[in-house]
Amino acid sequence: MRTALYPGSFDPVTNGHLDIIARASQLFDRLFVGVYANPRKDIVFSLEDRVRMLTTAVERWPNVEVKSFANLTVECAREIGAQALVRGLRAVTDFEYEFQLAAMYQQLRPELEVVCLMTSVKYSFLSASLVKEVAKLGGNVDAFVPAVVAARLREIQTA
Ligand code: ADP
């Protein structure tokens, strides 16, 4: 059984994340999408909200499961029996951070393989922070996020 963990803050999940999830779900028998409980970044959505939106968005893939975690990523991977971590790469700018992260994971747990999938070109510009900014200023983000997220962003806009 090949199992992988795709960790991130998913604040909120975008179509770029879903593209990585769709492709990783083909490569592995089971894919867990791990939502960091305590990300370093300024977070807009609560953990419950982030998990709920992701769970709705991944319903169509039977081998994908959403899980929140507050411990080390490598520990979460161990708990679920994952042999690999999945990350997405958009641009050269992502590379440096992902490279540093992968090197740290390697030190902490050498047997865990880090698999980086290149973004599909149409999502290469897409980031959760940009989506939040556009939504905050009243822009339409329907093309960038799943319906459940677009609806939640509209709620926040009008709140
Ligand atoms: P983190 O807080 O770890 O940066 P994110 O939720 O922002 O987590 O993203 C999780 C992963 O998804 C990261 O590997 C990130 O590079 C990747 N990712 C984010 N947006 C895209 C996108 N549009 N295309 C491909 N990968 C993406």
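Treat the numbers as computed from the prediction; the structure is a model and nothing was measured.

Quick notes on the rules
- Residues numbered from 1 in each chain as written.
- Predicted model: local features only at pLDDT ≥ 70, side-chain atom pairs only at ≥ 80, totals over all residues.
- Heavy atoms only, no water.
- Phe/Tyr/Trp six-rings, centres within 6.5 Å; stacked < 30°, edge-to-face > 60°.
- Buried < 20%, exposed > 50% of the residue type's maximum accessible area, 1.4 Å probe, protein only.
- Helix = DSSP H or I, 4+ residues; strand = E, 2+ residues; numbered from the N terminus.
- Near = heavy atom within 4 Å.
- Polar contact = N/O pair within 3.5 Å; in protein donor to acceptor, adjacent residues only side chain to side chain.
- Areas by Shrake-Rupley, 256 points an atom, 1.4 Å probe, with all protein chains shown as cover.
- 1 Å grid on protein atoms, 1.4 Å probe; cavity = no way out; pocket = protein on both sides within 12 Å on 5 of 7 lines; lining within 4 Å.
- Sits in = over half its atoms within 2 Å of the grid points.
- Nonpolar A, V, L, I, M, F, W, Y, C, P; charged D, E, K, R; others polar.
- Patch = residues over 30% accessible without salt bridge, like charges linked within 9 Å, V, L, I, M, F, W, Y side chains within 5 Å.
- Salt bridge = Lys/Arg side-chain N within 4 Å of Asp/Glu carboxyl O.

This paragraph deals with the packing of aromatic side chains. Within this structure, the stated rule accounts for 4 aromatic pairs. Their ring planes at 80° and their centres at 5.2 Å tell us that Tyr6 and Phe10 sit as a pair that is edge-to-face. By relative accessible area, Phe10 is classed as buried at 2%. Each ring, one from Phe125 and one from Phe144, has its centre 5.8 Å from the other, and the planes form 80°; the classification is edge-to-face. Here Phe144 lies in the loop between helix H5 (128-136) and helix H6 (147-158) and Phe125 lies in the loop between strand S5 (113-118) and H5, a separation of 19 residues in the sequence. Note on Phe144: relative accessible area 25%, which makes it partly exposed.

With that settled, the discussion passes to the site of the ligand. Residues in close proximity to the ligand total 18 residues, the closest being Tyr6, Ser9, Phe10, Gly88 and Tyr123. A distance of 3.0 Å is found between an oxygen atom of the ligand and a side-chain nitrogen or oxygen belonging to Arg87. Here the ligand loses 94% of its free accessible area of 550 Å² to cover by the protein chains. For the ligand, the cavity whose grid points lie within 2 Å of the majority of its atoms is the largest pocket. Broken down by secondary-structure element, the contributors of at least two residues to the shell around the ligand are strand S1 (3-8), helix H1 (15-27), strand S4 (84-89) and helix H4 (92-108). Grouping the constituent residues of the shell around the ligand by class yields 7 nonpolar, 6 polar and 5 charged.

What follows covers a nonpolar patch on the surface. Taken together, the side chains of Leu72, Met104 and Leu108 make up a nonpolar region of the molecular surface, amounting to roughly 290 Å² of accessible area. The exposure class assigned to Met104 is partly exposed, which follows from its relative accessible area of 47%.

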